[in-house]
Every structure is written in structure tokens, then in C-alpha cells.
Amino acid sequence: MRVMVIVKASPESEAGKMPDTGLLEEMGKFNEALVKAGIMLAGEGLHPTSRGARVRFDGRQRTVIDGPFGETKELVAGFWLWQVRNFDEAIEWIKRAPFDGGEEIELRPVFEAEDFGDELTPELREQEARLAAQIQPQTQA
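Residues numbered from 1 in each chain as written. Predicted model: local features only at pLDDT ≥ 70, side-chain atom pairs only at ≥ 80, totals over all residues. Heavy atoms only, no water.

A short note on the pairing of strand S5 (residues 76–83)
As defined by bridge partners, strand S1 (residues 2–8) adjoins S5 across seven bridges and the pair is classed as antiparallel. Paired with Val 3 across the two strands is Trp 82, which belongs to S5. Of the strand pairs in this sheet, strand S2 (residues 40–45) and S5 are connected by five bridges, and their pairing is antiparallel. Bridge pairing in S5 places Gly 45 opposite Gly 78. (Pairing = 2+ DSSP bridges. Helix = DSSP H or I, 4+ residues; strand = E, 2+ residues; numbered from the N terminus.)

Focus: the pattern of salt bridges
Per the counting criterion, the structure on display carries seven salt bridges. Between Arg 2 and Glu 112 there is a salt bridge; the shortest N-O distance is 3.0 Å. Of this pair, Arg 2 sits in strand S1 while Glu 112 sits in the loop between strand S6 (105–109) and helix H4 (122–139), and the two are 110 residues apart along the sequence. Among the ionic pairs, Lys 95 bridges to Glu 92, the shortest N-O distance being 3.3 Å. Residues joined by salt bridges that share partners form a network here, namely Lys 8, Glu 106 and Arg 108. (Salt bridge = Lys/Arg side-chain N within 4 Å of Asp/Glu carboxyl O.)

Let's talk about the environment of Lys 29
If you trace the backbone, Lys 29 turns up in helix H2 (residues 21–36). Along the backbone, Lys 29 and Ala 97 are 68 residues apart, and their C-alpha atoms lie at a distance of 9.5 Å.

Considering the pairing of strand S4 (residues 61–66)
Counting buried positions along S4 yields zero of six residues, so the element is predominantly exposed. In terms of strand pairing, strand S3 (residues 53–58) meets S4 through six bridges, oriented antiparallel. The residue of S4 that forms the bridge with Ala 53 is Asp 66. Linkage of S3 to S4, two consecutive antiparallel strands, is achieved through a turn of two residues, within which Gly 59 is found at a positive phi near 60°. (Buried < 20%, exposed > 50% of the residue type's maximum accessible area, 1.4 Å probe, protein only.)

Note that all results are geometric; they support no functional claim without further evidence.
The following block contains the structure:
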């Protein structure tokens, strides 16, 4: 199963303050352990919302809303995408992460094709497989 691990923003991350060298080293070690275990598929930090935008959809109208956005506790500062045997394994891994400043990390299972049942027709399944095969070489670069 795949799990999205969501790192919530903080006032510091929204201000663009970078982590110190010690935390970067600890996070690097944690990421190395994830990769060695075959868990980590992707992981990235995000720029503050002051560098982002949202697009609101209302019928055919599209409205662009420039950042920054409020409510830091509702914002995302980074993420991992993990491949684990089950959700409990993901929880055990995140408990090892080098966070210690009151962070709250959110874990969410990623939908898999079987989750959609009969609504995902054989044609749609084939399309998904074809797209995944096209994406794969790009993500390995």
C-alpha cells in the first residue's frame, strides 16, 4: 500500500526559514533508512505559500488566488510518498522521524485501482497502466 505522509507547515516554514544543518543531517539519515528499506518513493519540501497560488473552480470560471495563505496549521510544508506493507508499518516508520518541536504529521492511504471497484472499467484500468508506464522513466531520472 502507498501512504502519503504530510508534514504540516509552521510559522517558521511559512516565513521561509530553512532547517538548521543538524536537522538536515538527521533527516538525511532518516531518508537513507527509508530508501534502504524500500519504503520511500518520493519526498520533497515545499516553498512557503507566499510563493504559491490556488485556483478556484466555479463552473467554467477559474479564479487565481495568490499566496500567502493563512492558518499555518492547515498548510503543507512537505511530503513523502511511501510504499509499505500496511498502515501500521507507516505509523511505525514516522515515529522514527527526527521531529521534536511539536510537529503533527498526517498519514493518509493513497487510493489504489482496486479501491474504485467496477467504476474503474477495464479500459480505464488500461489507461492508468499506460500512463503509469509513461511516468515511470521520468521519476527515475
